[in-house]
Amino acid sequence: MSPETTAPRSLAEALRARDDASLSALLRSRPDLITPVPTDLTQLATRAGTRASVVRALERLDRFTLQTAEALAVAREPATYDELLGLLAGDDGDPAVTAAFPHALGTLREQALLWGADDRLRLVRTARELLAPSPQHPSPTGLGPTVGEATAGMSPGRIQEIVAAAGLASTHDSVSAVTSLSGLFADRSRMSALLDEAPAEAVGVLSRGVWGPPYGQVTAEPAAQLRWLIGRGLLLPTAPGTVVLPREVALNLRAGRAHRVTEPVAPAVEAATSHRPQAVDAAAAGQAYTTLATVEELLKDWHEGGPAVLRAGGLSVRDLKRTAVALDVPEPVAAFWVELAYAAGLVASDGEAEERYAATPAYDTWLELPAAERWARLASAWLAATRTAGLVGGRDAKDRTLSALGPGLDRSAAPEVRHRVLALLAELPEGASPDTDSLLARLYWERPSRSVRPAPEELRARLARWTLSESELLGVTGRGALSAQGRALLGLPALAGTRAAEPSGPGDRLPAPHRRRPPVTAPVPHSPAEQAAAAARAAALLAPLLPEPLDHVLLQADLTAVAPGPLERPLADTLGVLADVESKGGATVYRFTPASVRRALDAGRSASDLHAFLAAHSRTPVPQPLAYLIDDMARRHGHLRIGAASAYVRCDDEAVLNEILADKRSQEFALRRIAPTVLVAQTDPASLLTGLRTMGFAPAAESAEGDVLISRAHAHRTPPRTAPEPVPDGPPVPDATLLGAAVRAIRAGDLASSAPRQDDPAAGRPGNGALPRTSSAETLATMQAAVMTGEAVWIGYVNAEGSASQRVIAPIRVEGGFVTAYDHTADEVRTYPLHRVTGVAELADDQP
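Residues numbered from 1 in each chain as written. Predicted model: local features only at pLDDT ≥ 70, side-chain atom pairs only at ≥ 80, totals over all residues. Heavy atoms only, no water.

**Student:** Describe the pairing of strand β25 (residues 837-842), with residues and values.
**Tutor:** For β25, the tally of buried residues reaches five of six residues, placing the bulk of the element in the interior. Note that strand β21 (residues 793-798) and β25 share five bridges and pair antiparallel. Residue V793 lies in a different strand from β25, and its bridge partner there is E842. (Buried < 20%, exposed > 50% of the residue type's maximum accessible area, 1.4 Å probe, protein only. Helix = DSSP H or I, 4+ residues; strand = E, 2+ residues; numbered from the N terminus. Pairing = 2+ DSSP bridges.)

**Student:** Can you break down the nonpolar core residue by residue, with the values?
**Tutor:** Ranked by size, the top nonpolar core spans 89 residues in total, and within it L27, L44, F185, L234 and L235 carry the most contacts. The dominant element in this core, judged by the number of residues it contributes, is helix α5 (residues 63-74), at seven residues. (Core = buried A, V, L, I, M, F, W, Y, C linked by side-chain atoms within 4.5 Å.)

**Student:** Outline the environment of A595, supporting the account with residue identities and numerical values.
**Tutor:** Take A595: it is sitting in helix α27 (residues 594-602). With 38 residues separating them along the chain, A595 and M633 place their C-alpha atoms 9.0 Å apart.

**Student:** I'd love a proper account of the sheet that holds strand β12 (residues 554-556), names of residues and values included.
**Tutor:** Within the open sheet, the four strands sit side by side as β12-β13-β15-β14. Their pairing is antiparallel. The sheet terminates laterally at β12 and β14 (580-583), the two strands that pair on one side only. The mean inter-strand angle of the sheet, taken between neighbouring strand axes irrespective of direction, is 30 degrees. Bridge analysis of strand β13 (residues 560-563) against strand β15 (residues 588-591) gives four bridges, and the strand direction is antiparallel. Paired with T560 across the two strands is R591, which belongs to β15. (Axes fitted to C-alpha atoms, helices over the stretch in contact; angles between N-to-C directions.)

**Student:** Tell me about the packing of aromatic side chains, and please be specific about residues and values.
**Tutor:** Considering all chains together, one arrives at five aromatic pairs under this definition. Above the plane of the ring of W366 lies R374, whose end atom (NZ or CZ) is 5.4 Å from the centre. (Phe/Tyr/Trp six-rings, centres within 6.5 Å; stacked < 30°, edge-to-face > 60°. Lys NZ or Arg CZ within 6 Å of the ring centre and 35° of its normal.)

**Student:** Any details on the packing of helix α10 (residues 156-165) against helix α11 (residues 174-186)? Residues and values, ideally.
**Tutor:** Relative to each other, α10 and α11 sit at 30 degrees, their axes nearing to 10 Å. As summarised for this structure, α10 and α11 are arranged roughly parallel, according to the angle between their axes. Taken as a pair, α10 and α11 cross one another with a handedness that is left-handed. Across from P156, I159, Q160, I162 and V163 in α10, the residues of α11 making contact are S174, A177, V178 and L181. Of the residues assigned to the contact of α10 with α11, the class counts are seven nonpolar, two polar and no charged. (Parallel < 35°, antiparallel > 145°, perpendicular 65-115°, else oblique. Left-handed = near helix turned anticlockwise from the far one by under 90°. Contact = heavy atoms within 4.5 Å. Nonpolar A, V, L, I, M, F, W, Y, C, P; charged D, E, K, R; others polar.)

Here's what the structure looks like:
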């Protein structure tokens, strides 16, 4: 029999029979196997069977593939293709199971969880140990131990009694007795005949335990129906007071099925509502604009230095509430915006002794980008972030409160869940939003728990719910459906046709989906270049949908200004100093007040500057009340001067000072006159300035030289900071270049380790894997001969650290005490000092 047709005797042999494409697929699906690159296929097989690697691989199987592995774990070893299919499809043969079975089996084989030919299928031993039933770890199949396992500690006499009670011939040993009993329970007709003799109550007891759990409790004096079952081995004792239903009996009663419900087909994600695609994109674009405005408002609120950093890290509950009030959003939403800015690298701690949060220098760079690119930066950061804002306010494993920007918010599964949720949205008809329950059911099928069905608040379900709400806040989705820019952000190809020509309006709802999106087959962007390209495409699609910034406002007689859309940055900044925002929405309303006008005067603006600014940027005439307000505040501004004594007040008008002294509200400042035009106070200038303004005066602060101090907001920035790195969910998926190099290295190492050698101890060529030993002269001569013949040789080599290894090399050149050769182990040309070669030996003659 040729080597190609010989059945593999181990996983290593099965891997050795694979081609390079199959090995690459294995390493891509299980990247932990390539860290570091195995030296040969034997080491690869060993690593593929380690507990941590197998657990990780099982956790990434879909529901039906995992059920296939669970069925194989309760089948006899080795199992045949038909036996395993029977455990899944049952005696009647479910056609859906039959159709899906080859793919599930191929997945297990590809991921090296299963090996062997179709007539000798074997699970990797570690996987079998994890999935096989045991009293400590029940199987999801609900099956118990086999008859052989359950009777392992039973006396031979008791086994013979059970065999006789079951109507079987007695045997001379326990092994044949157990085999005979197992054959009875597995035989449908003989088993039916045995159960026909059973009391009705006994059949009821068996039916209650058919689908698990297989273990039950019995008293010291069991009832008659239990005694009947125990006497015939249909229930077997495992411990005092405990009995178990043997696996063979349960499978017979289940009509051969290992699972009560087999799920060969992924549940479909149903559409809840449907809208015109153009309306979806427009709604998402509107929310994208809101995202930019909210992040800017957050950073403006923290312009001069944000909240203090807690000793344990993060924001305090009080600071989060204050931020939520400033942004006019609920606290969970405020936590999301704070975490988004942090993930994008726009916010960080300043690292000072009195540590506070503040904007980073990257924020200033971000502000200069076009609006669509700014949104793409935020959305890309959200998509890749492992920090999960939805956890804020919850408790960690030590029952400590999780705070925004604090530790403990990273969940490595978050990026994968976000990508998968959005990819499932992309498979719905255009403009369709998903039914949440069906979406969660699909996610569970794709990544089920290996034990029991998780609760609704299981982490992946919560991550999926948070993804739906956060993507709507960001503008990745609109009205619950995936937008065009959201699709581009995932790296998916654009849909055919254009949406610009489609009508929109109040009646944009459709009664049913009308156009199915293409299947999502594009890989998730992993490299920075792929992510940047996807973000650029998303920004290009979003840009035409965002409103153009305006250079004007509409002034009204009630001391308000209406901005009918987003304003250009210089106009928005100046108007934000001169007026207070009264309401937001599609149009922003600003209100002019004495305090806001004084704020502009404090910032160094004169009355003429403010009149000119309003005249230049208003589409309506400047109302007379507003002009009077500006002139009145400018006339009074600086009439009083406050400086440092502890503090003093000076004014050329003595009547004004008399008025201040007569006001009872000034008593807290302990004012006293030291000159006709000067008062001094026992308080600091800032407090005195605030107090007099509260009393209705318009004082101005002055320097020690008597100059008016201009009050402008001081932009506090942190030192340069990098955005937080996502916490990886295991090793990264290797790219094609790394996979190719790894497969070549493993092949070369396997060739070196498995190459037959000529074992001749007398000639310095020992067996049993020992290093060859030859003299220096013989080593040199053999190397030179190999150069002339072009043959490969086997050498022992000790490196500079003293580590010994065996290598198969093909010498190319020998000179100057060095040999240059092609090293089959490393799959590259290397140069070795001859004095480090312990010896050299020829390969066997039958080595190809």
